[in-house]
Amino acid sequence: MSPTTYCHLNAAVPILRLYFEDGADFRPNLRLSRQSIQSLIAAVKPDCDHGWEKDIEVLVFLYWLTHAASYRVVSLAFDIPKSTLHDIVHRMSNAVIGILKQLIAFPSADDLEAVGEGFSQLAGSPAFSVVAGAINGCHIRIKPPASDIQCYFNRKLFNSVQLQAITDHKGKFLDIFVGYPGSVHNARVLKNSPVYAGRLSPPAGKCILGDSGYLCLSAPICLMTPYREPVQNAVQAHYNRKHSRARNIVERAFGMLKTRWRSIFFKALEVSLAFVPDVIA
């Protein structure tokens, strides 16, 4: 008895046609290389043994992320029902969230030395070899709920939720915490995050770097901030310059993230507020 055929692949869909062409470059359309897409397909595990092929679902999901388009627009691009597209996007989002901790994690004890050496090179000072990461927050535009609009209105005069991130010396994300409204101060977001409450990082003898929006801390985590302006002497000014050179890697990481996924980070996300943290993560 032959298996039932639910559907046939529509080779007329441009993205699918591109996918099945050997050597075709995906970066202009899906923001990732073919190798990265294949790695993602291999990493996510399907939660069922029927329905759409996993590689097709990954392509649909990446297209939706890349263009931040409505479900209607993407469903027309792939010639699939809008309800099916909604299910694919949420199913793939859950799959990616499921492997997040495998990819975004603090370095091992063996790798900390290399991270410290990297930060000392960024700063141009061996004193920064004790640094294990740099922290900052990023505002992601959203369409706020009508009932709590003031909670999401930030100091930059737009509505947002916050992405707190810690990166290493290369801009690799080590930890993220997403979801606090834009009006909440960076220091409060940190105090309510798992990395602070659980003392997850940095380990003893190490510190992380933050800007003047954070408090200088020795416990429960060690956080080094710059001296307040105006500085009192040349030593403080020298320290602030070195600190800024090392800490700015987290700003560059946000810049690379926004440039890669500009459709998400340069306009308001048009998804439900509950789904926003998953999309950003």
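Above this text sits the structure in question.
Along each chain, residue indices are assigned from 1 in the same order as the chain's sequence is written. Only residues with pLDDT of at least 70 are given local features in this predicted model, and only at 80 or more are side-chain atom pairs given and counted; all residues enter the totals for whole chains, interfaces and linings. Excluding hydrogens and water, the side-chain figures rest on all heavy atoms present in the structure.

**A few points about the pairing of strand 2 (residues 160-167)**
Alright, step 1. We call a residue buried when its accessible area falls under 20% of the maximum for its residue type, exposed when it is over 50%, and partly exposed in between, using a 1.4 Å probe and counting protein chains only. Put simply, DSSP marks the helices as runs of H or I at least four residues long and the strands as runs of E at least two long, and each gets a number from the N terminus on. A large share of strand 2 lies buried, amounting to 8 of its 8 residues.
Alright, step 2. Burial along strand 2 is two-sided: the residues S160, Q162, Q164 and I166 and V161, L163, A165 and T167 are all buried.
Alright, step 3. Where strand 1 (residues 131-141) and strand 2 come together, 8 bridges link them in antiparallel fashion. The residue bridging C138 from the neighbouring strand is L163, located in strand 2.
Alright, step 4. Only when DSSP finds a minimum of two bridges between them are two strands counted as paired. Bridge count between strand 2 and strand 3 (residues 173-181): 6 bridges; the pairing is antiparallel. For I166, the partnering residue across the bridge sits in strand 3 and is D175.
Alright, step 5. Remark: 5 residues form the turn of the hairpin made by strand 2 and strand 3, two consecutive strands paired antiparallel; G171 in that turn has positive phi of roughly 90°.

**Some words on the packing of aromatic side chains**
Alright, step 1. For Phe, Tyr and Trp, where Trp contributes only its six-membered ring, two rings pair if their centres lie within 6.5 Å, and the inter-plane angle classes them as stacked under 30 degrees, edge-to-face over 60, or tilted in between. Across all of its chains, the model carries 8 aromatic pairs by this definition.
Alright, step 2. For the ring pair F177 and Y180, a centre distance of 5.8 Å and an interplane angle of 45° mean the geometry is tilted.
Alright, step 3. For Y180, a relative accessible area of 24% corresponds to the partly exposed category.
Alright, step 4. Connected via pairs of aromatic rings, a cluster forms that spans F61, W64, Y71 and F275.
Alright, step 5. The ring of F158 carries R141 above its face, with NZ or CZ at 3.9 Å from the centroid. Two conditions define a charge located above a ring, namely a distance within 6 Å from the ring centre to NZ of Lys or CZ of Arg, and an angle within 35 degrees of the ring normal.

**Focus on the side chain of H139**
Alright, step 1. Tracing the backbone through its elements, the reader meets H139 in strand 1.
Alright, step 2. Side-chain atoms alone can form a polar contact between residues adjacent in sequence; in general such a contact is a pair of N or O atoms within 3.5 Å, and within protein one must be able to donate a hydrogen while the other accepts it. A polar contact is formed between the side chain of H139 and the side chain of N154, at a distance of 3.4 Å.
Alright, step 3. Within the structure, the side chain of H139 is placed 2.8 Å from the side chain of S160, a separation counted as a polar contact.
Alright, step 4. Contact definition: two residues touch when any of their heavy atoms are within 4.5 Å. Excluding residues that lie within four positions of it along the chain, H139 makes contacts with N154, K156, F158, S160, V161, Q162, G182 and K258.

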